[in-house]
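Remarks on the overall topology
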Amino acid sequence: MLFPTNRLVGEMAQGAGDFVRLAATLTGEMKVEDVPLAPGVDLAALKAGDTEPLEVIVEVPAGRSKRKWNYLPEALQKIVGEVSSKTATGFLGHQDPEKVDHEFPNPVTHWVGAVWRDGKAYFRGVVDSAAKDLKRWIRAGRIKQVSIFGVPTLKQANGETQVVDYQLLSIDWTPLDRAGMATRIVAVGEMDVIGEGGKAPVDSDG
């Protein structure tokens, strides 16, 4: 039986369901040109006036998270489809779940394309020209990971919890090793889950 952890986007601020974060890390194994731009993306306009433009690619593989949830390929492919067709926004950390339906913080990264290849999702991002500190942190290796913020659809099968679909909200930057992941190891793992009343429990994975 399938069950989404949230009923409607409009109910998110009311604690109707669970917000889940997928963790990822930067990868140096591809070139940004390997990930095509989504329709309508004006790369020149995004970089206009930026004296130090920076693009990145992050990678998320299908498979089990540290909490033993099994992220099936179709769930990640859904996220890839969203970004490759509509793009996505990235912030420094996640929004307060109680403000998701009305708040618009300044984006620090514009996710402008995505591809699915060999069981892995790759996301291409342009760091906003105003996010000078973030660029420095990325170049210095102080920031290496992002966390995909959204609402999964779960299925119980074969004695495990499977993530079969995913409603993307944003792809956000996290502090170094906040996701409890080793450097350079690309993995999928929920950082935390927002439960009743939009409050986040202590992350047991880190």
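Residues numbered from 1 in each chain as written. Predicted model: local features only at pLDDT ≥ 70, side-chain atom pairs only at ≥ 80, totals over all residues. Heavy atoms only, no water.

Along the backbone of the protein chain there are three helices and 11 strands. Out of the 206 residues belonging to the protein chain, those deemed buried represent 50%. Excluding contacts between residues fewer than 6 apart, the proportion of contacts in the protein chain whose partners are at least 24 apart in sequence is 73%. Working note: accessible area of the protein chain is about 9800 Å², and carbon and sulfur atoms make up 51% of it. (Helix = DSSP H or I, 4+ residues; strand = E, 2+ residues; numbered from the N terminus. Buried < 20%, exposed > 50% of the residue type's maximum accessible area, 1.4 Å probe, protein only. Contact = heavy atoms within 4.5 Å. Areas by Shrake-Rupley, 256 points an atom, 1.4 Å probe, with all protein chains shown as cover.)

Our focus in this paragraph is the environment of alanine 48. On the secondary structure map, alanine 48 appears in the loop between α1 (43-47) and β3 (55-61). Overall, alanine 48 belongs to the exposed group, its relative accessible area being 51%.

Comment: phi is negative for the bulk of residues other than glycine, and the bulk of peptide bonds are trans. A positive phi angle, close to 70°, is found at threonine 87, a residue other than glycine. Examined against the element boundaries, threonine 87 turns out to sit in the loop between α2 (73-86) and β6 (88-90). Residue threonine 87 is classed as partly exposed on the basis of its relative accessible area of 31%. Of note in this structure, aspartate 118 is not a glycine but carries a positive phi near 50°. Looking at aspartate 118, the relative accessible area reads 74%, which means it is exposed.

Looking now at the confidence of the model for the protein chain. Taken residue by residue, the protein chain gives an average pLDDT of 74. The fraction at 70 or more is 70%. Ranking the helices and strands of the protein chain by mean pLDDT puts β6 first, with 95, and strand β11 (residues 190-194) last, with 34. Under a pLDDT of 50 for its full length, residues 1-17 has, in the predicted model, 42 contacts with residues more than four places off or in other chains. Throughout residues 180-206 the model reports pLDDT below 50, and contacts reaching past four residues in sequence, or to other chains, amount to 83 contacts. (pLDDT = per-residue confidence, 0-100.)

Next up on the list: the nonpolar core. Ranked by size, the top nonpolar core spans 30 residues in total, and within it Val83, Trp111, Phe123 and Trp173 carry the most contacts. Ignoring any residue separated from it by four or fewer positions in sequence, one finds phenylalanine 123 in contact with Val56, Ile57, Val58, Val60, Ile79, Val80, Val83, Trp111, Gly113, Ala114, Ile148 and Ile171. Core analysis: the second largest hydrophobic core is formed by six residues, Met30, Val35, Val115 and Tyr122 among them. (Core = buried A, V, L, I, M, F, W, Y, C linked by side-chain atoms within 4.5 Å.)

This part is about the pattern of salt bridges. Enumeration according to the criterion identifies eight salt bridges in this entry. A salt bridge links glutamate 52 to arginine 139, with the shortest nitrogen-to-oxygen separation between them at 4.0 Å. Here glutamate 52, found in the loop between α1 and β3, pairs with arginine 139, found in helix α3 (residues 132-139); they are 87 residues apart in sequence, far enough to count as distant. Using a relative accessible area of 45% as the deciding quantity, one classes arginine 139 as partly exposed. Among the ionic pairs, glutamate 59 bridges to lysine 120, the shortest N-O distance being 3.9 Å. On the criterion of sequence distance, the pair formed by glutamate 59 in strand β3 and lysine 120 in strand β8 (residues 120-127) is long-range, its members being 61 residues apart. According to the relative accessible area criterion, glutamate 59 is buried, its value standing at 2%. According to the relative accessible area criterion, lysine 120 is partly exposed, its value standing at 28%. (Salt bridge = Lys/Arg side-chain N within 4 Å of Asp/Glu carboxyl O.)

Summarising burial for strand β10 (residues 160-174): 12 of the 15 residues are buried, a large majority. Relative to β10, strand β5 (residues 70-71) runs parallel, the two being bridged by two bridges. Each bridged residue has a counterpart across the sheet, and for tyrosine 71 the counterpart in β10 is valine 163. One ladder, built from 13 bridges, connects strand β9 (residues 145-157) with β10; its direction is antiparallel. Across the sheet, lysine 155 pairs through a bridge with glutamine 162, a residue of β10. (Pairing = 2+ DSSP bridges.)

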